[in-house]
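Overview (structure and organization)
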Amino acid sequence: MKVILQQDVRGQGKKGQMIDAAEGYARNYLLPRKLAIPATADAINTMNLKEKARRAEEAANRAAAVETADKLRNCTVKIAAKGGANGKLFGAITGKEISEALMAQFGLDVGKQKIVLDEPIKAFGSYEIRAKLGYEVSGKFTVTVAEE
């Protein structure tokens, strides 16, 4: 029996996928629990429309990520921090601080979880930072840490 999954079902498939399930399994398990609906012509058409809309949204999100990466390429973020002797900082510069500085200085909304720091920034100077923007798109920008 052909059914369209309404939720992810372990061992069967993902949400929105059409699968061929055993008659009893579909009738006694998938359909009563609202995990799937029968694959009628209307349901298949609706599934195709939803898939098309999902692909369009994904393409728009990817384009936005590429645009953000292009804008990041020219950015030099300046962060002022307190430091001690020998050019060392009191504490470290985190992804959250870099994200907030990007928003304040350039108006770019890059989440703190998207900023990749190989090691914490604990000294004054310039650093090349990478941001993973999703959809296999990443951008690089420069962070300059100066003394307050």
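Described in the following lines is the structure provided in the data block. Quick caveat: nothing in here was measured; it's all calculated off a predicted structure. (Residues numbered from 1 in each chain as written. Predicted model: local features only at pLDDT ≥ 70, side-chain atom pairs only at ≥ 80, totals over all residues. Heavy atoms only, no water.)

Considering the packing of aromatic side chains
Enumeration according to the criterion identifies one aromatic pair in this entry. With a centroid separation of 5.4 Å and 15° between ring planes, the pair formed by tyrosine 25 and tyrosine 29 is classed as stacked. In this pair, tyrosine 25 and tyrosine 29 are both assigned in helix 1 (residues 23-30), four residues apart and thus about one turn of the helix distant. Exposure remark for tyrosine 25: the relative accessible area of 28% places this residue in the partly exposed category. (Phe/Tyr/Trp six-rings, centres within 6.5 Å; stacked < 30°, edge-to-face > 60°. Helix = DSSP H or I, 4+ residues; strand = E, 2+ residues; numbered from the N terminus. Buried < 20%, exposed > 50% of the residue type's maximum accessible area, 1.4 Å probe, protein only.)

A closer look at the nonpolar core
In this structure, Leu72, Ile93, Ile98, Leu133, Phe141 and Val143 are the most contacted members of the largest nonpolar core, which totals 23 residues. With four residues, the single largest contributor to this core is strand 9 (residues 137-147). Those residues in contact with isoleucine 98 that lie beyond four places of it in its chain are Ile79, Ile93, Ile115, Leu117, Ile121, Phe141 and Val143. Judged by nonpolar contacts, the second largest core, of nine residues, contains Val9, Ile19, Ala26 and Leu35. (Core = buried A, V, L, I, M, F, W, Y, C linked by side-chain atoms within 4.5 Å. Contact = heavy atoms within 4.5 Å.)

So, the environment of valine 145
Among the secondary structure elements, valine 145 is positioned in strand 9. Residue valine 145 is classed as buried on the basis of its relative accessible area, which comes to 4%. Residues valine 145 and glutamate 100, 45 residues apart in the sequence, show an inter-C-alpha distance of 14 Å. In contact with valine 145, other than residues within four places in its own chain, are Ile79, Ala81, Leu89, Ile93, Ile121, Ala123, Phe124, Gly125 and Tyr127.

Topic: the sheet that holds strand 3 (residues 36-38)
With antiparallel pairing, the three strands of this open sheet are ordered in space as 2-1-3. Because the sheet does not close on itself, it has two edges, and the strands there are strand 2 (18-20) and strand 3. Within the sheet, the average angular offset between the axes of one strand and its neighbour, ignoring direction, is 40°. With three bridges connecting them, strand 1 (residues 2-5) and strand 2 associate as antiparallel partners. Bridge pairing links lysine 2 to aspartate 20 in strand 2. In the packing of helix 2 (residues 41-73) onto the sheet, the strands contacted are strand 1, strand 2 and strand 3, and the crossing angle to strand 1 comes to about 35°. (Pairing = 2+ DSSP bridges. Axes fitted to C-alpha atoms, helices over the stretch in contact; angles between N-to-C directions.)

Notes on the layout of surface pockets
Considering only enclosed or pocket space, the largest pocket measures out at about 330 Å³ in volume. Lining the largest pocket are 14 residues, with Leu5, Lys15, Gly16, Met47 and Lys50 positioned closest to its centre. Listed by contribution, the elements that provide at least two residues to the lining of the largest pocket are strand 1 and helix 2. For the lining of the largest pocket, the leading source of residues is helix 2, giving six residues. Of the residues contributing to the lining of the largest pocket, the split by class is five nonpolar, three polar and six charged. What the second largest pocket holds in volume is close to 220 Å³. What lines the second largest pocket is Val116, Leu117, Asp118, Glu119, Pro120, Ile121, Lys122, Tyr127, Glu128, Ile129, Arg130 and Lys140. Contributing elements (two or more residues each) for the lining of the second largest pocket: strand 7 (121-123) and strand 8 (125-134). (1 Å grid on protein atoms, 1.4 Å probe; cavity = no way out; pocket = protein on both sides within 12 Å on 5 of 7 lines; lining within 4 Å. Points joined across faces, edges and corners; volume = space filled by probe spheres on them. Nonpolar A, V, L, I, M, F, W, Y, C, P; charged D, E, K, R; others polar.)

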